[in-house]
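Survey of secondary and tertiary structure
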Amino acid sequence: MLVAAAVCPCPPLLVPEVAAGAAPELDTARAACADALGVLAAAHPDRLVVVGPAERSGQGPYPESARGSFRGFGVDIEVRLGIDPGVGPGGGRPDSAAPERELPASLAVAAWLLRRTDWSHAPVEGLGVGEPLATERCIQSGREIVARAERVALLVMGDASACRSLKAPGYLDERAAGFDAEVAHALAAADVAALKALDAELAHELMASGRAPWQVLAGAAEGAGLSGALLYEDAPYGVGYLVAAWS
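Keep in mind that what you see is a predicted model, and the values were worked out from it rather than measured. (Residues numbered from 1 in each chain as written. Predicted model: local features only at pLDDT ≥ 70, side-chain atom pairs only at ≥ 80, totals over all residues. Heavy atoms only, no water.)

**Concerning the overall build of the chain**
Counting its secondary structure elements, the chain contains 8 helices and 9 strands. Over its C-alpha atoms, taken along the principal directions, the chain stretches across nearly 45 × 45 × 30 Å. Looking at the chain residue by residue over its 247 residues, the buried ones come to 55%. Here the contacts in the chain between residues at least 6 apart in sequence split such that 77% fall between residues at least 24 apart. Carbon together with sulfur atoms contributes 53% to the accessible area of the chain, which is approximately 10200 Å² in total. (Helix = DSSP H or I, 4+ residues; strand = E, 2+ residues; numbered from the N terminus. Buried < 20%, exposed > 50% of the residue type's maximum accessible area, 1.4 Å probe, protein only. Contact = heavy atoms within 4.5 Å. Areas by Shrake-Rupley, 256 points an atom, 1.4 Å probe, with all protein chains shown as cover.)

As structure tokens, then:
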């Protein structure tokens, strides 16, 4: 059963060392993510599953202690998924026993957020989902996740549209603001039906990487009766970032 969920954006810019001089611009988003993870901790789950977008090569499950890095973004920081007492908040390298298959960027950001909040409340596993994954497959995946433990929490990573301004990665698309507002309303209300109804084709056109993970959440939350709160909503750099907590 799903007992809580946190929804966070997944830009590597959340990591201050990656953002460098622009790091303060996302301080509010980082604080909101920490608050959302606090809701997960307060729910006392038996297991935390982190779900995030991934390229085809990064799809599939990741065990606790799977490693990721931000070297592709110019910063020599490595992280591990889940409880990681051997690596302090300042960074460092995992030991040689860590799995060889690296986390996709979205799950690496999640691992960084978990380490930043000293997550030690339940075992963690990761799931990378491909952007083209059909809605029904996403929903079924969510159902399967919550069937594996009595008390499951989700950390759901993903960005809204990347077409909110002329300088956005996808340039300006007049449909983007409306799409993001629809998602924000669904997350604020913990509206499972609204998340299921998101238009996958439109999400693809608007470069909204969170669509598939949000629909995994929708499948997991069926019948859970959770309430939602929207903790952050903005579009810096022309990309929609949303933070929400369900409990």
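**A word on helix α2 (residues 27–42)**
Compared with the 22 Å implied by 1.5 Å per residue over 16 residues, the 23 Å span of α2 between its first and last C-alpha is a close match. Of all the residues in α2, the buried ones are A29, R30, A32, C33, A36, L37, L40 and A41. Just downstream of α2 lies H44, where phi reads positive at about 50°. (Expected span 1.5 Å × (residues − 1).)

**A closer look at the sheet that holds strand β6 (residues 124–130)**
What the 7 strands build is an open sheet, ordered β3-β6-β2-β7-β1-β9-β8; its pairing is mixed. Either end of the sheet is taken by a strand with one partner, and the two such strands are β3 (60–62) and β8 (228–234). Averaged over all pairs of adjacent strands, the angle between their axes in this sheet comes to 20°, without regard to strand direction. Note that strand β2 (residues 47–54) and β6 share 7 bridges and pair parallel. (Pairing = 2+ DSSP bridges. Axes fitted to C-alpha atoms, helices over the stretch in contact; angles between N-to-C directions.)

**Considering unusual backbone geometry**
In this structure, Y171 takes a positive phi of about 65° despite not being glycine. Relative to the elements of secondary structure, Y171 occurs in the loop between β7 (152–157) and α5 (176–188). The phi dihedral of Y237 is positive, around 65°, even though this residue is not glycine. Considering the arrangement of structural elements, one finds Y237 in the loop between β8 and β9 (241–246).

**Some remarks on the pattern of salt bridges**
Going through the model one piece at a time under the given rule, you end up with 12 salt bridges. The partner of R148 in a salt bridge is E125, and the shortest N-O contact between them spans 2.4 Å. On the criterion of sequence distance, the pair formed by R148 in the loop between α4 (135–146) and β7 and E125 in strand β6 is long-range, its members being 23 residues apart. Using a relative accessible area of 16% as the deciding quantity, one classes E125 as buried. Its salt-bridge partner being D173, residue R175 comes within 2.9 Å of it at the nearest N-O pair. Classification of R175 as partly exposed rests on a relative accessible area of 40%. Here the residues in one salt-bridge network are R71, D76, E78 and E102, joined through shared partners. (Salt bridge = Lys/Arg side-chain N within 4 Å of Asp/Glu carboxyl O.)

**Some details on helix α3 (residues 105–116)**
Over its 12 residues, α3 runs 16 Å from end to end, which matches the ideal 16 Å to within 8%, given 1.5 Å per residue. Counting buried positions along α3 yields 10 of 12 residues, so the element is predominantly enclosed. All buried positions along α3 are accounted for by S106, L107, A108, V109, A110, A111, W112, L113, L114 and R115. Directly after α3, the chain includes D118, whose backbone phi takes a positive value near 55°.

**A closer look at the environment of L2**
Counting through the fold element by element, L2 comes out in strand β1 (residues 2–8). On the basis of relative accessibility, which here comes to 1%, the residue L2 falls in the buried class. In sequence terms L2 and A245 are 243 residues apart; their C-alpha atoms lie 13 Å from each other. Excluding anything up to four places from it in sequence, L2 contacts V146, V152, A153, L154, L217, A220, A221, A224 and L226.

Shape descriptors only; they carry no functional weight alone.
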